[in-house]
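In case you want the letters, here they are:
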Amino acid sequence: NIGENDIRFNGNLDNALKKKKKNVLKTNDALDINGSIYSANFDINTFLKSKLSEEKPVEEVKKELDLVKWLNFSCNLSLKIDKLKYRKLEIVDLSSKISSMQGIFNLVNMSANGLGGQVVGDVDLRFGNNKTLEVAIDSRMKNIDINKLFIAFDNFDQKSITNQNIKGNLTADLKVAMSFSDFVNFNSKDLLVNTNFVLENGELINLPSLKALSKFLSVEQLEHIYFSKYQSNITIIDEVVYLEKNMVKSNLISLEIGGSHSFNNKIDYLIKLNLNNLLAAKFKKKKTLEENYVNDIM
């Protein structure tokens, strides 16, 4: 037990005696770990908090351990965690095969449940001496609650589209590369994403670009769009989100949308509306008489 975390290991440790505290930074022999690890509850945030205090003298800060040497072990493990927490993300029933060497961890055949759905795939983690963590993900997500996903990752440190603007169930093939400083601070400039996705039972709520357009066209429906299915591709690079153009078919109005927006809210979208649908939407919303509807067209 480590605080509220529990770990059970069943297997073999080789070179363990060479890793006693006084020699941990003096040996180049890797600690070999083979076997299985199980945890009922594991909160990664417990281990990511800095133990250094501002009051500590500079000399003591300089003695901070070489992380790569601490992580100098090779392993072949079967992992199972009933409940795992990282930042605001909580997942359950995590299982994977793990191999590692000198601060690089490969999780293959990983599966987990969380955010209302399931994720399978591979994850690579690379820990650096300068307190950096690089993460690469190649996964398949199914029925993920996209609103919970945005909340779990603090809207990916951007304000263009947040959990306040989008709802729906996400199924996607996802490739991601990202990095963290001090192991927890997300570096949005390093984020690379490519995903083919399907969003079902979706809602677009007060999306900045559509909200501006709704004011221009006086169509309130554009402020809150409901749709059964939307399929497209998203690429994120250099803090810019590129959305491949495709059709959104909603309950009252259909539109074709695509383009890009940056994390600092610079928006460049192409939005095509069908005029008949546009007028029909206004008519259904206002529930006016037919003669007023004709006047509205004029």
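None of the values given here were measured: they were computed from a predicted structure.

What counts, and where the lines are drawn
- Each chain carries its own residue numbering, running from 1 in the written order of its sequence.
- Thresholds applied to this predicted model are a pLDDT of at least 70 for local features of residues and 80 or more for the giving and counting of side-chain atom pairs; totals over whole chains, interfaces and linings are not thresholded and use all residues.
- Hydrogens and water molecules were not included; the side-chain quantities draw on all heavy atoms of the structure.
- Each helix is a run of H or I in the DSSP string that is no shorter than four residues. Each strand is a run of E no shorter than two, and both are numbered from the N terminus.
- The classification of residues rests on relative accessible area computed with a 1.4 Å probe and restricted to protein chains. Under 20% of the type maximum is buried, over 50% is exposed, and intermediate values are partly exposed.
- Should any heavy atoms of two residues lie within 4.5 Å, those residues are counted as being in contact.
- Accessible areas in this description were obtained via Shrake-Rupley with a 1.4 Å probe; residue shielding takes into account the shown protein chains only.
- At least two bridges found by DSSP between two strands are what make those strands a pair.
- Under the rule applied, a polar contact is a pair of N or O atoms within 3.5 Å (in protein, one hydrogen donor and one hydrogen acceptor; residues adjacent in sequence only if both atoms are side-chain atoms).
- The term salt bridge refers to a pairing of a side-chain nitrogen on Lys or Arg with a carboxyl oxygen on Asp or Glu at a separation within 4 Å.
- Grouping buried Ala, Val, Leu, Ile, Met, Phe, Trp, Tyr and Cys residues that are joined through side-chain atoms within 4.5 Å yields what is termed a nonpolar core.
- Stacked, tilted and edge-to-face are the three classes assigned to paired rings of Phe, Tyr and Trp, where Trp is represented by its six-membered ring and a pair needs centres within 6.5 Å; plane angles under 30 degrees give stacked, over 60 edge-to-face, the rest tilted.
- The predictor reports its confidence for every residue as pLDDT, a score running from 0 up to 100.
- Only residues above 30% relative accessible area that lack a salt bridge enter a patch, with like-charged residues linked at up to 9 Å and the nonpolar side chains Val, Leu, Ile, Met, Phe, Trp and Tyr linked at up to 5 Å.

### Some details on the overall build of the protein chain
Line of reasoning, step 1. When you go through the protein chain residue by residue, the secondary structure sums to seven helices and 15 strands.
Line of reasoning, step 2. Expressed as a percentage of the 298 residues in the protein chain, the buried residues total 38%.
Line of reasoning, step 3. Considering only contacts within the protein chain whose residues lie at least 6 apart along the sequence, 53% involve residues at least 24 apart.
Line of reasoning, step 4. Accessible surface, the protein chain as shown: approximately 17600 Å² in total, 52% of it carbon and sulfur.

### Examining the pairing of strand E2 (residues 31–39)
Line of reasoning, step 1. Two strands pair when backbone bridges link them, and strand E1 (residues 8–14) and E2 are joined in this way by seven bridges, in the antiparallel orientation. Paired with Arg8 across the bridge in E2 is Tyr38.
Line of reasoning, step 2. Where E2 lies against strand E4 (residues 73–86), nine bridges are found, and the strand directions are parallel. When the bridges of E4 are listed, Ile33 appears paired with Cys75.

### A closer look at the side chain of Ser96
Line of reasoning, step 1. With respect to the secondary-structure elements, Ser96 resides in strand E5 (residues 89–101).
Line of reasoning, step 2. According to the relative accessible area criterion, Ser96 is buried, its value standing at 5%.
Line of reasoning, step 3. One polar contact links the side chain of Ser96 to the main-chain carbonyl oxygen of Val108, over a distance of 3.1 Å.
Line of reasoning, step 4. Once residues within four sequence positions are removed from consideration, Ser96 is found in contact with Leu77, Ser78, Leu79, Leu107, Val108, Asn109 and Met110.

### Observations concerning the pattern of salt bridges
Line of reasoning, step 1. Taken as a whole and assessed by the stated rule, the structure comprises eight salt bridges.
Line of reasoning, step 2. Put simply, Lys175 and Asp138 hold a salt bridge, and the shortest N to O gap is 3.0 Å. Of this pair, Lys175 sits in strand E9 (residues 166–181) while Asp138 is found in strand E8 (residues 132–145), placing the two residues 37 residues apart along the sequence.
Line of reasoning, step 3. For Lys175, a relative accessible area of 47% puts it in the partly exposed group.

### A look at the nonpolar core
Line of reasoning, step 1. In terms of nonpolar packing, the biggest core is built from 59 residues, with Leu94, Leu170, Leu191 and Ile225 touching the most fellow members.
Line of reasoning, step 2. Once residues within four sequence positions are removed from consideration, Ile225 is found in contact with Gly202, Glu203, Leu204, Leu210, Val248, Ser250 and Leu255.

### Here we look at the pairing of strand E13 (residues 240–249)
Line of reasoning, step 1. By the bridge criterion, four bridges tie strand E12 (residues 224–237) to E13 in an arrangement that is antiparallel. Its bridge partner being in E13, Ile236 is matched across the sheet by Val241.
Line of reasoning, step 2. Bridge count for E13 against strand E14 (residues 254–262) is eight bridges, and the pairing is antiparallel. Within E14, the position partnered with Leu243 by the bridge is Gly259.

### Remarks on the packing of aromatic side chains
Working definition: an aromatic ring pair is given by the centre-to-centre distance plus the angle between the planes.
Line of reasoning, step 1. Taken as a whole, this structure holds five aromatic pairs when the rule is applied.
Line of reasoning, step 2. Plain terms: the ring middles of Phe105 and Phe127 are 5.8 Å apart, the flat faces sit at 85° to each other, and that makes the pair edge-to-face. One end of the pair, Phe105, is in strand E6 (residues 104–114); the other, Phe127, is in strand E7 (residues 117–127), with 22 residues separating them in the sequence.
Line of reasoning, step 3. For Phe127, a relative accessible area of 21% gives the class partly exposed.
Line of reasoning, step 4. Their ring planes at 55° and their centres at 5.7 Å tell us that Phe180 and Phe186 sit as a pair that is tilted. In this structure, Phe180 and Phe186 share a single accessibility class: buried.
Line of reasoning, step 5. Through a chain of ring-to-ring contacts, the aromatic side chains of Tyr86, Phe180 and Phe186 assemble into a single cluster.

### Digging into the confidence of the model for the protein chain
Line of reasoning, step 1. Averaged over all residues, the pLDDT of the protein chain is 81; the fraction at 70 or higher stands at 76%.
Line of reasoning, step 2. Here residues 292–298 is a poorly scored stretch, pLDDT under 50, and it has seven contacts once near neighbours within four places are set aside; other chains count.

### As for a nonpolar patch on the surface
Line of reasoning, step 1. Taken together, the side chains of Ile2, Ile7 and Phe47 define a hydrophobic patch exposed on the protein surface, amounting to about 260 Å² of accessible area.
Line of reasoning, step 2. Mapped onto the elements of the fold, Ile2 is located in the segment before E1.

### Regarding the environment of Asn45
Line of reasoning, step 1. Residue placement: Asn45 occurs in helix H1 (residues 45–48).
Line of reasoning, step 2. Taking relative accessible area as the criterion, Asn45 reaches 16% and is therefore assigned buried.
Line of reasoning, step 3. Through-space distance from the C-alpha of Asn45 to that of Lys85 is 7.3 Å; in sequence the pair is 40 residues apart.
Line of reasoning, step 4. Residue contacts for Asn45: discarding those within four places in its chain leaves Lys85, Tyr86 and Arg87.
Line of reasoning, step 5. A polar contact is formed between the side chain of Asn45 and the backbone nitrogen of Arg87, at a distance of 2.7 Å.

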